[in-house]
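Understanding the architecture of this molecule
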Amino acid sequence: KVYTNPLQLPYRQYDFVVVGAGPGGSVVANRLSAEASNTVLLIEAGPTDDVLPIVHIPFLCTTLAPDTAVTWNYTTVPLPGLNNRSIPYPRGRVLGGSSSINYMAWTRGPQSDFDRYAAVASDPGWSWNAVRSLAKSIEGMVPPADGHNTSGQILPSIHGTRGPVKFSVQGYPSELDSRIFATTEELPEFPYNEDQNSGNPLGIGWGQYAIAGGTRTSAATAYLAPILSRPNLDILVNTQVTKIVQTGSESGVPIFRGVQFAASPTSEVHELHVMREVIVSAGAVNTPQLLMLSGIGPATHLKTLGIEPVVDLPDVGQNLQDHPLMPNVFAVNSTSTWDNLARNASLSTADLAQWEANRTGLFTSSPSLEMGWLRLPSNATIFQTEADPSSGPHSPHYEFFFAETFLSYVMPAPATGNYMLVASNVITPTSRGSITLASKNPFDPPVIDPALLNSAFDIFAVREAMKAVRRFVAAAAWKGYVISQVEALNEATTDEELETYARNNAGTVFHPVGTAKMAPRDSEDGVVNPDLTVKKTMGLRVVDASIFPFIPGAHPQFQVYLVAERASQLILTGS
Ligand SMILES: Cc1cc2nc3c(=O)[nH]c(=O)nc-3n(C[C@H](O)[C@H](O)[C@H](O)COP(=O)(O)OP(=O)(O)OC[C@H]3O[C@@H](n4cnc5c(N)ncnc54)[C@H](O)[C@@H]3O)c2cc1C
């Protein structure tokens, strides 16, 4: 049952409290409450996902951030790698977390990522072979919204059909489709990949999206909506956990089996204790914030803010990794790109009416389309001075995704013309940023420094990816369609000019991870053990995107669902 007021909660004590209802927390709340003997309370800072109906309309996902009723409206510090620009850094603040506002790309990434997690954490349980069957059990593959024949676009045999996350290939045709795939036939550098979710994502393929029946699949629709009637699961929304509370200690190890929470800075603070565990799933920005507010983190940083350190864990908030997004925009010879929607209200009204009538049409589609996962050549000059940061030979260094629109973080959308976006994003960044506290007030935003484009590798990769985009659209398939790159980018030709353009124009794909990274049990490094229990504590686990030692070579929601499924198994089997 969903509660909006802490005073309504039926119990004063639960077996488990889960903090945050994104992919991490929703999976754990579901799996733990599947055992009738476990009482579970899930606390979410944001509202239920019916607060804004457009949450469920795939095409309108870009309008859900940065500053709406379902987001933490965060901004980064000035980023030196982006010429000291501060950029919006929204996270979902709603049931489903960021999976309720994201662009729904469903990407499993390279299998070597999981093998690297297993190696780095000294736990073979994280290897691809160990988690492969879980991957299938998460998935519920469905036909696309337009019902088109998908043979040759996805390999059904490698996907699950009965799992909770309903997904499909793109469900609405784009005028870019035929040109993109003609290019894969023309240029061997960009081969076709029939299914990028096989463990080898390399090449260009049809996008798979967490969309079913024309509506968004989020952690809330997949893992919470079907189980709201469970008597042993309570969900408290509109309530922020402000502190994890130490409730005792055993052999000198502090036990954290309590939480404090409040609806707002001025409302009453409540405290509640658990019999078994507190599970923090507040996401890669808020999880380290909450740990530090609770005295778990770098002792010197905590002391400067007047917080008494309980557990000195220097890695809390460190190791922040994110994918920089590089928009390459081309003027195209078309009259029907999505640019027209923003200019002509009657067009979008018609699309909305169609979606509302029968869940068909453009609005059933994510605004990103096909994806490409690509590597730098092995003789690239950067590898003379830098180690290859990818997890293996089938792991991409950069990504393309396509959209029928103008996109810029710095330039206003033009009043006329039609455009195509080929984003080229660095997927194996070596820059490392941080989350730190601005104050000891839990309602103050943390200091967010994703350190985008802050390393020699990242600058090299972003430049080379921009050049690869130019090679891609120089194929014969684009003749007569692509007119030119947008003005400033058209003029950038030398490496220096491309670098300047990237620093002035890049943004984020919104994929922060790594701020409570997993490390071997006997290691002083890291924040969590391979079973995701917080080091040097009892009763406390982190289950969300914070735990990755390296950013996935993919859009990360699938990996977070997978981490949470495995974590649930570990908790249920008493690890
Ligand atoms: C705009 C955008 C687009 C994206 N596009 C894609 C995509 O297309 N494909 C993809 O794979 N990934 C995408 N992502 C990333 C993906 O959504 C995240 O990696 C994933 O949701 C992370 O899951 P999580 O459980 O770690 O955290 P989140 O999903 O962020 O969930 C954390 C939850 O905890 C809650 N919370 C935080 N602090 C507290 C507190 N103190 N008390 C109570 N509750 C709290 C938050 O409100 C939130 O609901 C996108 C993200 C964004 C923001």
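Just so you know, these numbers come straight off a predicted model, no measurement behind them.

What counts as what
Residues numbered from 1 in each chain as written. Predicted model: local features only at pLDDT ≥ 70, side-chain atom pairs only at ≥ 80, totals over all residues. Heavy atoms only, no water. Salt bridge = Lys/Arg side-chain N within 4 Å of Asp/Glu carboxyl O. Helix = DSSP H or I, 4+ residues; strand = E, 2+ residues; numbered from the N terminus. Buried < 20%, exposed > 50% of the residue type's maximum accessible area, 1.4 Å probe, protein only. Core = buried A, V, L, I, M, F, W, Y, C linked by side-chain atoms within 4.5 Å. Contact = heavy atoms within 4.5 Å. Near = heavy atom within 4 Å. Polar contact = N/O pair within 3.5 Å; in protein donor to acceptor, adjacent residues only side chain to side chain. Areas by Shrake-Rupley, 256 points an atom, 1.4 Å probe, with all protein chains shown as cover. Nonpolar A, V, L, I, M, F, W, Y, C, P; charged D, E, K, R; others polar. Pairing = 2+ DSSP bridges. Axes fitted to C-alpha atoms, helices over the stretch in contact; angles between N-to-C directions.

1. With respect to the pattern of salt bridges
Tallied over the entire structure, the rule returns 13 salt bridges. Close ionic contact of R31 with E565 constitutes a salt bridge, the shortest N to O distance being 2.8 Å. Taken together, the residues span a long stretch of sequence, with R31 in helix α1 (residues 23-33) and E565 in helix α13 (residues 557-572) at a distance of 534 residues. Close ionic contact of R521 with D531 constitutes a salt bridge, the shortest N to O distance being 2.7 Å. With R521 in the loop between β28 (507-508) and β29 (540-542) and D531 in the loop between β28 and β29, this pair connects stretches of sequence that are ten residues apart. R521 gets classed as exposed once you look at its relative accessible area, which sits at 53%. For D531, a relative accessible area of 8% puts it in the buried group. Residues participating in the shared-partner salt-bridge network are R463, E464, K467, D495, E499 and R503.

2. Here we look at the nonpolar core
Formed by 166 residues in total, the largest nonpolar core has its most connected members in V259, F400, M420, F472, W478, L532 and L540. It is helix α10 (residues 456-473) that provides the largest number of residues to this core, a total of eleven residues. When residues no more than four places from it in sequence are discounted, the contact partners of F472 are I180, T183, L187, F190, I204, F400, F402 and W478. Judged by nonpolar contacts, the second largest core, of eight residues, contains A45, W72, Y89 and V285.

3. Comments concerning the site of the ligand
Around the ligand, the structure places 38 residues, and the nearest of them are E44, S98, A105, V241 and Q557. Here an oxygen atom of the ligand sits 2.9 Å away from a polar atom, N or O, in the main chain of A105. Compared with its free state, where it exposes 1,000 Å², the ligand has 99% of that area covered by protein. Secondary-structure elements contributing two or more residues to the shell around the ligand are α1, β5 (91-92), β13 (240-245), α6 (283-293) and α13. Each residue belonging to the shell around the ligand can be placed in one class, and the counts come to 18 nonpolar, 16 polar and four charged.

4. Some thoughts on the side chain of H555
With respect to the element layout, H555 can be found in the loop between β29 and α13. Setting aside its immediate chain neighbours within four residues, H555 contacts A105, T107, M371, W373, E399, V509 and H511.

5. Description of the sheet that holds strand β6 (residues 139-141)
With respect to topology, three strands assemble into an open sheet ordered β6-β7-β9, the strand pairing being mixed. Taken across any chain shown, the strands that pair with only one partner, and hence form the sheet edges, are β6 and β9 (208-209). Pairing analysis gives two bridges linking strand β7 (residues 165-169) to β9, with the strands arranged antiparallel. The residue of β9 that forms the bridge with S168 is Y209. Seen against the sheet, helix α3 (residues 128-138) touches β6 and β7 and runs at an angle of roughly 50° to β6.

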